[in-house]
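Given next are the chains, with one letter for each unit.
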Amino acid sequence: MSPKLAPNLQLSKGLLDVLIRAGLIAVLTIYCYQVFRPFLELMLWSLILAVMLYPLQRRLGARLGHHEGRTASLIVVAGLLILMVPIYLLGISLVESAQQVMETVRGDSLRIPPPSESVASWPVIGQPVHDLWQQAASDLSGSLEKYRPQIREFLLGLLARIASIGAGFLLFIAALVIAGIMMAFGELGHRSAHRIAVRIVGPERGESLVELCTATIRTVAQGVLGIAFIQMLLVGVGFVLMGVPGAGLLALAVLLLGIIQVPATLITVPVIIYVFSTEGASVTTIVFAVYSVLAGLVDNVLKPLLLGRGVDVPMPVVLIGALGGMVASGILGLFIGPIVLAVGYRLFWQWVDDQPAEVEAGGPGIP
């Protein structure tokens, strides 16, 4: 063999070895991802809940003698009890509502009042709404028969939504249990996260990366879950004092809308209309309307104050990450979006600041 060909042959063998190893690693990674993918959302929720609840774990652990497993079990049991109350109330309400509808339909006592003539004068939709309403008032059974496919499709979609909500509750309960296991090994988990971060970004930035991700999760929890809870209390108090039927369930709906970043006015405005239609215009109903509108808009004031606290990135970055993550990945994206955007923001500015000395001094590095 020619001496000139020996280095090229050695280089080809080395490149082939690298490609084979890279291919095997890629195949192994893809297969591991396919195996783990059904549990990915569950484990992400568990990790987020563990990070959110770990400060509580440490405070309770200090009072209970640093029994990590016992403290984590106590938090999980308390969380399950808190979850079961709204689930039970929601289930009872749905069953009672379904029974009332069935009894009304079977007894043929369902009557729809005729529409007012002013409905026809509404812009664009007035006349079609008036005609449909008039037809339902005069011949309800015929209207139901005419629109049976649409009603069936709507009911199937509603049942699918209810089923997805139930599945979400079950997922959250399972994630809470797994989060308790993670919190029981919190110190080990922190060291593992630190080692992974150091391996990815180096020893100088590893700890700051872990702290950034942890602070982002907790500040989003405060800025989303905390604000939704405050809004639920404010709106619920007004509903209870006004004697609105189902005030507790409506307040729970406000909480759910706040978590998924939907305006609470979807609940407060119909309730205000109902109160005015039943009670009439008075000082009490006007005060209730103004209070309900302000309570429904309080999240617009609290979000800029709470979403940026404790995170070493500007508040708009966290807010945009939360909203964009919600649009892209649902509720889970509320937490994943700000983390990814905050980490990307920090890494980008670290790259910008990490310039050669000659560039900073205005030397030949500047074109």
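Cut-off values and rules
Residues numbered from 1 in each chain as written. Predicted model: local features only at pLDDT ≥ 70, side-chain atom pairs only at ≥ 80, totals over all residues. Heavy atoms only, no water. Core = buried A, V, L, I, M, F, W, Y, C linked by side-chain atoms within 4.5 Å. Buried < 20%, exposed > 50% of the residue type's maximum accessible area, 1.4 Å probe, protein only. Helix = DSSP H or I, 4+ residues; strand = E, 2+ residues; numbered from the N terminus. Contact = heavy atoms within 4.5 Å. Axes fitted to C-alpha atoms, helices over the stretch in contact; angles between N-to-C directions. Parallel < 35°, antiparallel > 145°, perpendicular 65-115°, else oblique. Left-handed = near helix turned anticlockwise from the far one by under 90°. Nonpolar A, V, L, I, M, F, W, Y, C, P; charged D, E, K, R; others polar. Expected span 1.5 Å × (residues − 1). pLDDT = per-residue confidence, 0-100. Phe/Tyr/Trp six-rings, centres within 6.5 Å; stacked < 30°, edge-to-face > 60°. Patch = residues over 30% accessible without salt bridge, like charges linked within 9 Å, V, L, I, M, F, W, Y side chains within 5 Å. Areas by Shrake-Rupley, 256 points an atom, 1.4 Å probe, with all protein chains shown as cover. Salt bridge = Lys/Arg side-chain N within 4 Å of Asp/Glu carboxyl O.

So, on to the nonpolar core. With 35 residues, the main nonpolar core has Ile 48, Leu 49, Met 52, Met 183, Ile 217, Leu 334 and Phe 335 as its most contacted residues. Taken together, the elements giving at least two residues each to this core come down to helix H2 (40–63), helix H3 (68–106), helix H6 (148–184), helix H8 (206–242), helix H13 (315–329) and helix H14 (333–353). Broken down by element, the residue count for this core peaks at eight residues, all from H2. In this view, Leu 334 contacts Val 220, Val 224, Ile 259, Gln 261, Ala 322, Gly 325 and Met 326; residues no more than four positions away in its chain are not counted. Counting residues in hydrophobic clusters, the runner-up holds 14 residues, among them Ala 247, Leu 257, Ile 272 and Ala 289.

What describes two packed helices is the angle between their axes and the distance between those same axes. At their nearest, the axes of H8 and helix H11 (residues 283–296) sit 9 Å apart, and the two run at 165° to each other. Taken as axis vectors, H8 and H11 run roughly antiparallel relative to one another. Relative to H11, H8 is oriented so that their crossing is left-handed. Side by side, H8 and H11 meet where Gln 231, Leu 234, Val 235, Val 237, Gly 238, Phe 239 and Met 242 of the first sit next to Thr 284, Thr 285, Phe 288, Tyr 291, Ser 292, Ala 295 and Gly 296 of the second. Counted by class, the contact of H8 with H11 contains eight nonpolar, six polar and no charged residues.

Take H13 next. The terminal C-alpha atoms of H13 lie 21 Å apart, and with 15 residues this matches the ideal 21 Å at 1.5 Å per residue to within 8%. Lining the buried residues of H13 we find H8 and H14. Looking one or two places after H13, you find Gly 330, whose phi comes out positive at around 75°.

As a further point, take the confidence of the model for the protein chain. Across the protein chain, the average pLDDT comes to 76, with 77% of residues at 70 or higher. In this model residues 363–367 is a low-confidence stretch, pLDDT under 50, and it forms four contacts with partners more than four residues away in sequence or in other chains.

Here we take up the packing of aromatic side chains. One pass over the structure, following the stated rule, counts three aromatic pairs. Between Tyr 345 and Trp 349, the ring centres sit 6.5 Å apart and the planes meet at 65°, which makes this aromatic pair edge-to-face. Residue Tyr 345 and its partner Trp 349 are both found in helix H14; the two are separated by four residues, about one turn of the helix. A relative accessible area of 28% places Tyr 345 in the partly exposed class. Look at Phe 348 and Trp 349: their rings are 5.4 Å apart centre to centre, the planes differ by 75°, and that puts the pair in the edge-to-face class.

Moving on, we come to a nonpolar patch on the surface. Together, Ile 230, Leu 234, Val 237, Leu 241 and Tyr 291 line one region of the surface with nonpolar side chains, adding up to about 440 Å² of accessible area. By residue number, the principal contributor to the nonpolar patch is H8, which donates four residues. Looking at the secondary structure, you find Tyr 291 in helix H11.

Following both chains from N to C, one finds H13 and H14 inclined at 135°, their axes separated by 7 Å at the closest point. As the angle between them shows, H13 and H14 are arranged oblique. The way H13 lies across H14 gives a crossing that is right-handed. Packed against H13, whose contacting residues are Val 317, Val 318, Ile 320, Gly 321, Ala 322, Gly 325, Met 326 and Ser 329, the element H14 presents Gly 333, Leu 334, Gly 337, Pro 338, Leu 341, Ala 342 and Tyr 345 at the interface. For the contact of H13 with H14, the per-class residue count stands at ten nonpolar, five polar and no charged.

In this structure, Met 232 sits in helix H8. Accessibility expressed as a relative area gives 14% for Met 232, which makes it buried. Note: C-alpha distance between Met 232 and Ala 251 (19 residues apart in sequence) is 5.3 Å. Excluding residues within four positions of it along the chain, Met 232 makes contact with Ala 251, Leu 252, Val 254 and Leu 255.

Below, the discussion takes up the environment of Gly 79. One can find Gly 79 in helix H3. On the accessibility criterion, Gly 79 (16% relative accessible area) is buried. Note: C-alpha distance between Gly 79 and Leu 176 (97 residues apart in sequence) is 7.7 Å.

The next point concerns the side chain of Asp 299. Relative to the assigned elements, Asp 299 resides in helix H12 (residues 299–306). For Asp 299, the residues in contact, after removing those within four places along its chain, are Ile 227, Gln 231 and Pro 304.

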